[in-house]
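Chains, contacts and geometry: an overview
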Amino acid sequence: MRTLFVAVILFLTFHIIRIDLGDGTIPLASFFGNEQPCAETTTVKTIHVTTIQGDTIESLFSMYPDPETTFVDRLSIFYSLNPHLRNQELIGGLSVQLPLSKTGQDNCN
């Protein structure tokens, strides 16, 4: 009986120590303030271009190249800047915004 009693006391002691070391009696949240997540903000440089008759998106991209971004990325940015051109062709005299390179900025400390 004494052995069982000592085993229960040792089990409870080891269990309490394990829980205390794992979780702690004082929550870790009280030691740290509200940390801002590291976010990278990107801004897209754009230029305004007036189209002429016969222009296509590919011809505008070739006249104003951007070696830093791929064609697909640039095309998606183009349609986000000019949503009215999604279902129509370019016509002459239309003013559109062309995306150029992205500039990224870290907000990390």
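To keep things clear, this report deals only with the structure shown in the data block. Just so it is clear, the model here is predicted, and its values are computed rather than measured.

Thresholds, definitions, all that
- Residues numbered from 1 in each chain as written.
- Predicted model: local features only at pLDDT ≥ 70, side-chain atom pairs only at ≥ 80, totals over all residues.
- Heavy atoms only, no water.
- Helix = DSSP H or I, 4+ residues; strand = E, 2+ residues; numbered from the N terminus.
- Buried < 20%, exposed > 50% of the residue type's maximum accessible area, 1.4 Å probe, protein only.
- Contact = heavy atoms within 4.5 Å.
- Core = buried A, V, L, I, M, F, W, Y, C linked by side-chain atoms within 4.5 Å.
- Phe/Tyr/Trp six-rings, centres within 6.5 Å; stacked < 30°, edge-to-face > 60°.
- Lys, Arg positive; Asp, Glu negative; His and termini not counted.
- Salt bridge = Lys/Arg side-chain N within 4 Å of Asp/Glu carboxyl O.

A few words now on the overall build of the protein chain. A tally of regular secondary structure across the protein chain gives 3 helices and 2 strands. When the helices and strands of the protein chain are placed in sequence order, the string is α-β-α-α-β. By the burial criterion, 18% of the 109 residues in the protein chain qualify as buried. A fraction of 69% describes how many contacts in the protein chain between residues 6 or more apart in sequence connect residues 24 or more apart.

Here the focus is the nonpolar core. Of all hydrophobic cores here, the largest spans 11 residues; its members are Val49, Ile57, Leu60, Phe61, Phe78, Tyr79, Leu85, Leu90, Leu94, Val96 and Leu98. Looking at this core, the elements with two or more residues in it are helix H2 (57–63), helix H3 (71–81) and strand S2 (95–106). No other element matches H2, which puts 3 residues into this core. Excluding anything up to four places from it in sequence, leucine 60 contacts Val49, Thr51, Asp55, Leu90, Val96 and Leu98.

So, on to the environment of valine 44. One can find valine 44 in strand S1 (residues 40–50). A relative accessible area of 32% means that valine 44 is categorised as partly exposed. On a C-alpha basis, the gap between valine 44 and serine 101 in space is 6.2 Å, while along the polypeptide they are 57 residues apart.

Our focus in this paragraph is the packing of aromatic side chains. Per the counting criterion, the structure on display carries 3 aromatic pairs. An angle of 65° between the planes, with centres 5.5 Å apart, marks the rings of phenylalanine 78 and tyrosine 79 as edge-to-face. On the basis of relative accessible area, tyrosine 79 is assigned to the buried category, the value being 18%. Every member of this aromatic cluster is reached through a ring pair, and the members are Phe61, Phe71, Phe78 and Tyr79.

This part covers the side chain of aspartate 55. Tracing the sequence through the fold places aspartate 55 in the loop between S1 and H2. For the buried aspartate 55, no salt bridge is present, and the opposite-charge side chain at shortest range is arginine 74, 13 Å distant. Discounting chain neighbours no more than four positions away, the residues touching aspartate 55 are Leu60 and Leu90.

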